[in-house]
Amino acid sequence: MKKLFALILAILMVASLAACSGDTETETADTNDTTAEELIMGTNAYFPPYEYYDADGTTIVGIDAEIAQAVADKLGMKLTIKDMDFDSLLTAVQTGSVDIVFAGLTVTEERQQAVDFTVTYATGIQVIIVPNDSDIASVDDLAGKTIGVQAGTTGDIYCTGDYGQDSVKQFQNGALAVAALQNGQVDCVVIDNEPAKSFVEANEGLKILDTEYITEDYAAAISKDNADLTTKVNNAMEELKADGTIDAIIAKYIKAE
Ligand code: GLN
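Definitions and limits used
- Residues numbered from 1 in each chain as written.
- Predicted model: local features only at pLDDT ≥ 70, side-chain atom pairs only at ≥ 80, totals over all residues.
- Heavy atoms only, no water.
- Helix = DSSP H or I, 4+ residues; strand = E, 2+ residues; numbered from the N terminus.
- Polar contact = N/O pair within 3.5 Å; in protein donor to acceptor, adjacent residues only side chain to side chain.
- Contact = heavy atoms within 4.5 Å.
- Salt bridge = Lys/Arg side-chain N within 4 Å of Asp/Glu carboxyl O.
- Buried < 20%, exposed > 50% of the residue type's maximum accessible area, 1.4 Å probe, protein only.
- Pairing = 2+ DSSP bridges.
- Axes fitted to C-alpha atoms, helices over the stretch in contact; angles between N-to-C directions.
- Parallel < 35°, antiparallel > 145°, perpendicular 65-115°, else oblique.
- Left-handed = near helix turned anticlockwise from the far one by under 90°.
- Nonpolar A, V, L, I, M, F, W, Y, C, P; charged D, E, K, R; others polar.
- Near = heavy atom within 4 Å.
- Areas by Shrake-Rupley, 256 points an atom, 1.4 Å probe, with all protein chains shown as cover.
- Arc of directions from axis to C-beta.
- Phe/Tyr/Trp six-rings, centres within 6.5 Å; stacked < 30°, edge-to-face > 60°.

> Would you mind going over the side chain of Asn 173 in detail, with residue names and values included?
Tracing the chain through its elements places Asn 173 in the loop between β9 (168-171) and α7 (174-182). A distance of 3.1 Å separates the side chain of Asn 173 from the backbone nitrogen of Ala 175, its partner in a polar contact. Residue contacts for Asn 173: discarding those within four places in its chain leaves Asn 44, Tyr 46 and Gln 150.

This is the structure we're talking about:
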């Protein structure tokens, strides 16, 4: 009896080993295996309230960080966040140095050629920040002005398209663009509305014009070679939308007006 039990146990063990190695093979590249549990998110952490360093200056917090964490939790993955320049994020996801970009990233047709977008989770509006005493009162006054933007953002793309490269000064992040506005190096900054509010709150003498440049949708980006991850993240995000988690995360950072 004991022998029979040992034999059955041995057969079961071999069978389960076979099942495991089968799984490993279908995981394709072996490198995927070791990183399977990790979800590497790329972002530019100077975009409050979507992503920014908390008071101790070491942890990246914000709406995107929390949504990504909730997605990773649902998928049983460990989230790692990499901070990089905004204009290297899409290349990073295309080349696989990050798995997903959560960066208040606007869905555009041009970007859709390069990456896949997940379902959208927020709306952004390009707005104009000016000094309180500025003579710029609306979008119509931008011609002939020097406009500060974050390199590679939709604000950059639209302003460069509308007013020409010579009228637009690019900065590596919004905080640097706003610092240039404070110094008088640029006449205004075109940037997404929520970071604009944070920057205006944190800096004396600036205001946001009432006029809107353009309204956009935010989604995460994933490599076109990683359709499986896109499906999983979309399913997780749909669940997090349906159960109110995403709304609650956004409400925590953006107070209703
Ligand atoms: N929403 C803008 C874009 O996608 C800016 C995003 C950002 O600077 N993080 O271009």
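> Give a description of the pattern of salt bridges that names residues and reports values.
Going through the model one piece at a time under the given rule, you end up with five salt bridges. Between Lys 74 and Glu 239 there is a salt bridge; the shortest N-O distance is 3.0 Å. You can see Lys 74 sitting in helix α3 (residues 63-75) and its partner Glu 239 sitting in helix α9 (residues 227-242), a full 165 residues away along the chain. On the basis of relative accessible area, Glu 239 is assigned to the partly exposed category, the value being 43%. Note that Lys 145 and Asp 135 form a salt bridge whose closest N and O atoms lie 3.1 Å from each other.

> Let's hear about the sheet that holds strand β2 (residues 46-47): which residues, and what values?
Sheet strands associate in pairs through backbone hydrogen bonding, adopting either a parallel or an antiparallel arrangement. Strand order in this open sheet of three strands is β2-β3-β4, and the pairing throughout is antiparallel. Edge positions in the sheet fall to β2 and β4 (60-61), since each has one partner strand and no second. By the bridge criterion, two bridges tie strand β3 (residues 51-53) to β4 in an arrangement that is antiparallel. Bridge pairing links Tyr 52 to Val 61 in β4.

> Residues and numbers for the packing of α3 against α9, please.
Following both chains from N to C, one finds α3 and α9 inclined at 110°, their axes separated by 9 Å at the closest point. In this view, α3 runs roughly perpendicular relative to α9, as classed from their interaxial angle. Every pair of crossing elements has a handedness; the one defined by α3 and α9 is right-handed. Residue-level inspection shows Ala 70, Val 71, Lys 74 and Leu 75 of α3 in contact with α9, the latter providing Lys 232, Val 233, Ala 236, Met 237, Glu 239 and Leu 240. Here the residues of the contact of α3 with α9 are counted per class, giving seven nonpolar, no polar and three charged.

> Describe the site of the ligand, naming the residues involved and giving the relevant values.
Lining the immediate surroundings of the ligand are 13 residues, of which Gly 104, Thr 106, Gln 150, Thr 154 and Asp 192 lie closest. Between Asp 192 and the ligand, the recorded distance is 2.6 Å, taken from a side-chain N or O atom to a nitrogen atom. Contact with the protein chains removes 100% of the 290 Å² of surface that the ligand exposes when unbound. Taken together, the residues of the shell around the ligand sort by class into five nonpolar, five polar and three charged.

> So what's going on with helix α10 (residues 245-253)? Which residues, and what values?
Ile 246, Ile 249, Ile 250 and Tyr 253 are the residues of α10 that are buried. Each buried residue of α10 sits inside an arc of 95° when the element is viewed along its axis, so together they form one side. The secondary structure elements touched by the buried residues of α10 are β3, β4, α3, β7 (116-131) and α9.

> Go over the packing of aromatic side chains with me, naming the residues and quoting the values.
All chains considered together, the criterion is met by five aromatic pairs. Judged by centre distance (5.1 Å) and plane angle (85°), the ring pair of Tyr 50 and Tyr 218 falls under edge-to-face. Of the two residues, Tyr 50 sits in the loop between β2 and β3 while Tyr 218 sits in strand β12 (residues 214-222), which places them 168 residues apart along the sequence. Accessibility classification places Tyr 50 together with Tyr 218 in one group, the buried group.

Nothing here speaks to function; it is all geometry.
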